[in-house]
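# Descriptive structure summary
Read off the chains here:
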Amino acid sequence: MTGQEILSIEPATGAVLWRGMPHDVDAEVARARESWAAWASQPLAFRIETLRRFANVVRQRADALTDLIARETGKPLWDARGEVEAVIAKVDISVTAYSERTGQRRSESPMNARMALRHKPHGVLAVLGPYNFPAHLPNGHIVPALLAGNAVVFKPSEKTPATAEFLVQCYHAAGVPEGCVRLVIGGPDEGKALAAHDGIDGLLFTGSARTGLALNRLYADRPEKILALEMGGNNPIVVWDTPDLHTAAVLVVQSAFTTSGQRCTAARRLIVDAALADPLIAEIRKLTDRMIVGEPHADPQPFMGPVIDNDTADMLTESFLALMTMGGRPLKHLERPIDDRPFLTPSLIDMTGARERADVELFGPILQLYRAESFDEAMNEANATRYGLSASLISQDPRRYDAFWANIRAGIINWNRPTNGAASNAPFGGVGWSGNHRPAAYYAADYCAYPVASNEAEQARASIGVGLRDIDGDR
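Below is a summary of the structure that appears in this document. Here the residue numbers are simple positions, counted from 1 along each chain's written sequence. Where local features are concerned, this predicted model is filtered to residues with pLDDT of at least 70; where side-chain atom pairs are given and counted, the filter is 80 or more; whole-chain, interface and lining totals use all residues. Each side-chain value is derived from all of the structure's non-hydrogen atoms; neither hydrogens nor water enter the calculation.

So, on to the nonpolar core. One finds Phe 54, Leu 146, Phe 154 and Tyr 171 to be the most contacted residues of the largest nonpolar core, which totals 78 residues. A run of H or I in DSSP counts as a helix once it spans at least four residues, and a run of E counts as a strand once it spans at least two, with each numbered from the N terminus. Counting residues per element, this core draws most heavily on helix H4 (residues 77-101), which supplies 8 residues. We call two residues contacting when some pair of their heavy atoms lies within 4.5 Å. Leaving out residues up to four positions away in the same chain, Phe 54 has contacts with Val 87, Val 91, Asn 139, Val 143, Leu 167, Cys 170, Tyr 171 and Ala 174. By nonpolar core is meant a set of buried Ala, Val, Leu, Ile, Met, Phe, Trp, Tyr and Cys residues that side-chain atoms within 4.5 Å join together. Burial classes follow relative accessibility: with a 1.4 Å probe on protein chains only, a residue under 20% of its type's maximum area counts as buried, one over 50% as exposed, and anything between as partly exposed.

The buried count for strand S9 (residues 226-230) comes to 5 of 5 residues, which makes it a mostly enclosed element. Between any two strands, at least two bridges found by DSSP are needed for them to pair. Examined bridge by bridge, strand S8 (residues 202-206) and S9 share 5 bridges and lie parallel to one another. Bridge pairing in S9 links Gly 202 to Ile 226. A crossover links S8 with its parallel partner S9, the connecting element being helix H8 (residues 209-218), and its sense is right-handed. With strands facing away from the observer, any crossover in which the path from the first strand over the helix to the second runs clockwise is taken as right-handed.

Turning our eyes to something else, we now look at the sheet that holds strand S3 (residues 105-109). Read from one edge of the open sheet, 3 strands run S3-S4-S19, paired in antiparallel fashion. The two strands at the open ends of the sheet, each matched to only one other strand, are S3 and strand S19 (449-456). When the angles between neighbouring strand axes are averaged without regard to direction, this sheet yields 25°. By the bridge criterion, 8 bridges tie strand S4 (residues 113-121) to S19 in an arrangement that is antiparallel. Looking at S19, one finds that His 119 is bridged to Pro 451. Axes here refer to lines fitted to C-alpha atoms; in helices the fit is confined to the stretch in contact. Angles between the N-to-C directions go from 0 to 180 degrees.

Before going further, it helps to spend a moment on the pattern of salt bridges. Close approach of charged atoms allows side chains of opposite charge to pair. Only one rule defines a salt bridge in this text: a Lys or Arg side-chain nitrogen within 4 Å of an Asp or Glu carboxyl oxygen. Per the stated rule, a full pass over the model turns up 27 salt bridges. For Arg 19, the salt bridge goes to Glu 5, with nearest N and O atoms at 3.0 Å. Of this pair, Arg 19 sits in strand S2 (residues 16-20) while Glu 5 sits in the segment before strand S1 (6-9), and the two are 14 residues apart along the sequence. The salt bridge involving Asp 201 is made with Arg 33; its shortest N-O contact spans 3.0 Å. One end of the pair, Asp 201, is in the loop between helix H7 (188-195) and S8; the other, Arg 33, is in helix H1 (residues 25-41), and 168 residues separate them in sequence. Looking at Arg 33, the relative accessible area reads 33%, which means it is partly exposed. One salt-bridge network, in which partners are shared between bridges, spans Arg 114, Arg 118, Glu 456 and Glu 458.

The next point concerns the sheet that holds strand S5 (residues 124-128). Read across the open sheet, the 5 strands follow the order S7-S6-S5-S8-S9; overall the sheet is parallel. Since the sheet does not close on itself, it has two edges, and those belong to strand S7 (181-183) and S9, each with one partner. Pairwise comparison of adjacent strand axes, ignoring direction, gives a mean angle of 15° for this sheet. The strands touched by H1 are S5, strand S6 (151-155) and S7; relative to S6, the strand with the most contacts, the crossing angle is about 160°. Strands S5, S6 and S8 of the sheet are contacted by H7, whose axis makes an angle of about 155° with S6.

We now examine the layout of surface pockets. A 1.4 Å probe that fits but cannot get out identifies a cavity on a 1 Å grid over protein atoms alone, an open set with protein on both sides within 12 Å along at least five of seven lines counts as a pocket, and a residue lines either if it has an atom within 4 Å of a point. Grid points are joined across faces, edges and corners, and a volume is the space filled by probe spheres set on the points. There is about 460 Å³ of room inside the second largest pocket. Together, 25 residues line the second largest pocket, and Phe 133, His 136, Leu 137, Ala 422 and Ser 424 are the ones closest to its centre. If you list the elements that add at least two residues to the lining of the second largest pocket, you get H4, helix H5 (136-148) and strand S18 (440-441). In terms of residue count, H4 provides more of the lining of the second largest pocket than any other element does, 6 residues in total. For the lining of the second largest pocket, the per-class residue count stands at 11 nonpolar, 9 polar and 5 charged. Residue classes follow a fixed rule: Ala, Val, Leu, Ile, Met, Phe, Trp, Tyr, Cys and Pro count as nonpolar, while Asp, Glu, Lys and Arg count as charged, and any other residue, Gly among them, counts as polar.

Turning our eyes to something else, we now look at a nonpolar patch on the surface. A patch is a set of surface residues, each over 30% in relative accessible area and not in a salt bridge, joined within 9 Å for like charges and within 5 Å for the nonpolar side chains Val, Leu, Ile, Met, Phe, Trp and Tyr. Methods summary: accessible areas were calculated by the Shrake-Rupley approach with a probe of 1.4 Å, and residue burial reflects only the protein chains presented. The grouping of Leu 7, Ile 9 and Val 16 at the surface amounts to a nonpolar patch, some 220 Å² of accessible area in total. Residue position: Val 16 is located in strand S2.

Tallying each qualifying case throughout the model produces 3 cavities of 30 Å³ or more. If you add up the space inside the largest cavity, you get close to 80 Å³. When the residues that make up the lining of the largest cavity are grouped by side-chain class, the tally is 7 nonpolar, 6 polar and 1 charged. Taken together, Thr 73, Gly 74, Lys 75, Tyr 131, Asn 132, Thr 259, Ser 260, Gln 262, Pro 306 and Ile 308 make up the lining of the second largest cavity.

Time to look at the packing of helix H3 (residues 62-73) against H4. Running from amino to carboxyl end, H3 crosses H4 at an angle of 125°, the nearest separation of the two axes being 8 Å. Viewed along their axes, H3 and H4 adopt a mutual orientation that is oblique. When you trace H3 past H4, the crossing you get is right-handed. Residues Ala 62, Leu 65, Thr 66, Asp 67, Ile 69 and Ala 70 of H3 pack against Leu 77, Ala 80, Arg 81, Glu 83 and Val 84 of H4. The class makeup of the residues in the contact of H3 with H4 is 7 nonpolar, 1 polar and 3 charged. Roughly parallel here means an angle under 35 degrees, roughly antiparallel means over 145, roughly perpendicular means 65 to 115, and every remaining angle is called oblique. What makes a crossing left-handed is the near helix being turned counterclockwise from the far one by less than a right angle; a clockwise turn instead makes it right-handed.

This next bit is on H7. Listed in full, the buried residues belonging to H7 are Glu 190, Gly 191, Leu 194 and Ala 195. Relative to the axis of H7, the buried residues are bounded by an arc of 130° and lie together on one face. Exposed side chains of H7 directed beyond 90 degrees from the buried face belong to Pro 188, Asp 189 and Lys 192. Close packing links the buried residues of H7 with H1, S5, S6, S8 and H8. Each C-beta atom gives one direction from the helix axis, and the arc is the one those directions make.

For the rest of this paragraph, the subject is the environment of Ala 422. Locating Ala 422 in the fold gives a position in the loop between strand S16 (412-415) and strand S17 (427-428). Separated by 19 residues in sequence, Ala 422 and Ala 441 have C-alpha atoms that sit 9.3 Å apart. What Ala 422 contacts, discounting residues up to four positions off in sequence, is Ile 412 and Phe 428.

Checked against the element boundaries, Val 153 lands in strand S6. Looking at Val 153, the relative accessible area reads 0%, which means it is buried. Here the alpha-carbon distance between Val 153 and Val 184, two residues 31 residues apart in the chain, equals 6.9 Å. The residues touching Val 153, leaving out its near neighbours within four places in the chain, are Glu 28, Val 29, Ala 32, Val 124, Leu 125, Ala 126, Val 127, Arg 182, Val 184 and Leu 194.

Written out as structure tokens, the structure reads:
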């Protein structure tokens with residue numbers, strides 16, 4: 001092991017939660033390569049049963065994992081508990097998805113042959129996980145990868161190594177061979193080394209668009225390796241034709257500020273009918289003024305915890321100031337109630353008259369407001385982004401939703417629901433800078449195994465009926 005010691009710091013308290021040295025990428029990949037074939041040769045029923053034991057192990061350790069996620073990420077206990085429940089539920093969902101997406105099929109062919117369709121695992125897949133859902137999101141890659149017969153080398157965010165270590169221990173405790181789930185603790189250097197390693201057959205990534213674009217360039221001349229990119233979004237929520245502004249405000253607040261805005265599907269832009277803007281803003285302010293921002297174990301439970309660390313809080317504070325210099329008008333300032341801790345309050349800034357608009361994902365509790373004079377203008381504003389992950393319309397008019405759905409470029413399009421909280425039993429992914437057409441969740445089976453078509457006959461029978469000379473040489 002080489003490199004600088006990795007520390008995991010509790011965002012809410014500043015206490016050191018976990019410490020360790022970076023792992024040897026070459027050694028972990030080699031161990032996975034030695035192990036994957038034996039795992040792949042096991043019957044599918046064996047792999048399913050093993051992963052169901054994993055779900056039971058997590059269920060038995062749910063309280064400990066919930067507490068660990070809350071302390072390491074800063075998210076409230078209720079939010080961390082929901083993440084653990086998603087980890088458990090992922091197994092049965094993945095089993096169903098694998099059966100549906102990668103099922104076998106046979107049909108008769110000429111000359112007593114048959115056509116067969118089956119799926120094979122890639123081999124060794126690297127998984128790069130994020131810090132905002134340090135168990136659920138990597139697990140969303142790992143479970144379907146293991147189910148298909150792959151081995152996995154998992155490199156978590158350097159900000160959440162403790163949760164990753166706990167998760168890997170659960171796989172091993174359930175009977176997944178230790179060589180088939182390997183953990184690489186480390187920072188950016190270890191991540192780059194794993195992504196570029198010749199010993200992996202593909203990379204499954206969840207994280208920022210900047211890193212995803214770099215990975216896309218890295219794999220440009222490696223078509224033999226599968227690359228699945230699940231990136232962020234500059235997601236719009238549009239409010240139009242709705243008399244119930246309180247409910248609309250609740251949906252906006254849930255979209256923008258759940259998990260302190262640290263969800264890739266969080267609403268970053270609120271686009272609203274100019275006639276409804278001021279009364280809607282008043283309703284949003286009523287909710288955000290009551291919103292509890294606090295440490296994960298506080299009683300009563302907070303709606304928001306801190307963001308992941310002080311550097312992130314500093315960056316978001318600077319970003320809010322940058323929006324102001326572009327001409328943004330603060331409606332609710334981003335505040336930092338404790339100087340040396342990364343707690344931030346929910347914020348709202350009117351960018352309607354701004355001189356410029358930065359098309360970036362601000363991964364925190366910052367919501368930008370745009371007032372539109374027409375629904376067409378609102379849709380154009382919603383589409384004014386290189387990203388395309390999630391979008392939502394709040395409206396009582398089904399015809400509006402039909403037009404919205406038909407014209408918005410996003411992989412997740414919701415109606416009278418928040419932009420976040422996507423279902424695990426549906427595909428999860430986006431277009432543009434939000435992904436590379438490899439949606440995760442229910443469709444993860446698609447990139448964890450590849451289809452093999454076979455033309456098969458139990459006896460060899462063949463003849464050539466044209467283009468041959470007669471044996472006696474007459475022709």
